[in-house]
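Below are the chains, spelled out letter by letter.
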Amino acid sequence: DVKVTQSSRYLVKRTGEKVFLECVQDMDHENMFWYRQDPGLGLRLIYFSYDVKMKEKGDIPEGYSVSREKKERFSLILESASTNQTSMYLCASSLPQNGKSGNEQFFGPGTRLTVL
Amino acid sequence: GEDVEQSLFLSVREGDSSVINCTYTDSSSTYLYWYKQEPGAGLQLLTYIFSNMDMKQDQRLTVLLNKKDKHLSLRIADTQTGDSAIYFCAESITGGGNKLTFGTGTQLKVEL
């Protein structure tokens, strides 16, 4: 089974702190994604990566950066956390799109971040 | 642009059928997905349908796709309390790389 793990389930940080959210997948997937989930807004894509050292902006990249130094690990960084970044953060991974099953994404359990 | 919409809440009685609806705007969708999110957990894929299909059935789940109206639905037969969760539809599109666009999610509540 594909396993996607996230470093913390719950995190509380103060405004202005630098925050690292880590995600690791064990299925050698090329693609990795970071989303945030807010009530009534669904999942919004922050950043994604197709390969090591590659990154692409999603729909809401402002205030975030990412790092992918190894294939299995994708980190989300909040350079200076703000209260409006309080949210549930979900990491996902997938194989490249193929004709058999499209590009199913496998999700981690999520990190609930609270910024005070 | 891509936009995927769902109603926010649905309440059904145990044993009844649930129908969760989704509309999308991009006509170049290739695959459409239904994900389930239980409380405190990440999303799990329930089922998916290729855009050239009208229907897919998998045990208690039936997916219907009306490509002309850009409408997708998920029917859960004999709904159980364990089906209480948030259900997300998502689409992937031709030329969209490996991204999925998710709907807002529908909170399904199953009452006894």
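A brief structural summary. No experiment lies behind these values; they were computed from the predicted model shown.

1. Things to note about the sheet that holds strand E8 (residues 73–78) of chain A
Neighbouring strands of a sheet are bound in pairs by backbone hydrogen bonds; such pairs are parallel or else antiparallel. All names here are of chain A. Taking strand neighbours across the sheet as the criterion, the 4 strands line up as E1-E3-E8-E7 in an open arrangement whose pairing is antiparallel. The sheet is open, and its two borders are formed by strand E1 (4–6) and strand E7 (65–70), each paired with just one other strand. Neighbour to neighbour, the strand axes of the sheet diverge by 20° on average, direction disregarded. Strand direction decides the pairing type here: strand E3 (residues 19–25) and E8, joined by 6 bridges, are antiparallel. Following the sheet pairing, Val-24 is matched in E8 by Arg-73.

2. What about the pattern of salt bridges?
Residues and elements named next belong to chain A. Using the criterion set out here, one finds 11 salt bridges over all chains in the structure. Measuring nitrogen to oxygen at the nearest pair gives 3.9 Å for the salt bridge that ties Arg-73 to Glu-22. Remark: Glu-22 occurs in strand E3 and Arg-73 occurs in strand E8; sequence separation between them is 51 residues. For Arg-73, a relative accessible area of 39% translates into the label partly exposed. A salt bridge links Lys-71 to Glu-30; the nearest nitrogen and oxygen atoms lie 3.6 Å apart. Of this pair, Lys-71 sits in the loop between E7 and E8 while Glu-30 sits in the loop between E3 and strand E4 (31–38), and the two are 41 residues apart along the sequence. A relative accessible area of 25% places Glu-30 in the partly exposed class.

3. Describing the state of the cysteines
Note on terminology: a disulfide is the covalent bond linking the sulfur atoms of two cysteines. All names here are of chain A. Tallied over the full model, the rule gives 2 disulfides over all chains. The disulfide partner of Cys-23 is Cys-91, and the S-S distance across this bridge is 1.8 Å. Between Cys-23 and Cys-91, the disulfide has an S-S torsion of -75° and is therefore left-handed. In this pair, Cys-23 is assigned in strand E3 and Cys-91 in strand E9 (residues 87–94), connecting sequence segments 68 residues apart.

4. Topic: the packing of aromatic side chains
Summed over all chains, the structure comprises 14 aromatic pairs over all chains. Ring centres of B:Tyr33 and B:Tyr35 lie 6.3 Å apart, and the angle between their planes is 35°; on these two criteria the pair is classed as tilted. We classify B:Tyr33 as buried; its relative accessible area is 0%. Seen in terms of ring centroids, B:Tyr35 and B:Phe102 are 5.7 Å apart; in terms of plane orientation they differ by 55°. Their pairing is tilted. Pair noted here: B:Tyr35 is in strand E4 (residues 29–37) and B:Phe102 is in strand E10 (residues 101–102), with a separation of 67 residues, a long-range link. A network of ring pairs unites the aromatic residues A:Phe33, A:Tyr35, A:Phe48, A:Tyr50, A:Phe107, B:Tyr31, B:Tyr33, B:Tyr35, B:Tyr48, B:Phe50 and B:Phe102 as a single cluster. Positioned above the aromatic ring of B:Tyr48 is the side chain of B:Lys56, whose terminal nitrogen or guanidinium carbon lies 4.1 Å from the ring centre.

Thresholds, definitions, all that
- Residues numbered from 1 in each chain as written.
- Chains lettered and ligands numbered in written order.
- Predicted model: local features only at pLDDT ≥ 70, side-chain atom pairs only at ≥ 80, totals over all residues.
- Heavy atoms only, no water.
- Pairing = 2+ DSSP bridges.
- Helix = DSSP H or I, 4+ residues; strand = E, 2+ residues; numbered from the N terminus.
- Axes fitted to C-alpha atoms, helices over the stretch in contact; angles between N-to-C directions.
- Salt bridge = Lys/Arg side-chain N within 4 Å of Asp/Glu carboxyl O.
- Buried < 20%, exposed > 50% of the residue type's maximum accessible area, 1.4 Å probe, protein only.
- Disulfide = S-S within 2.5 Å.
- Phe/Tyr/Trp six-rings, centres within 6.5 Å; stacked < 30°, edge-to-face > 60°.
- Lys NZ or Arg CZ within 6 Å of the ring centre and 35° of its normal.

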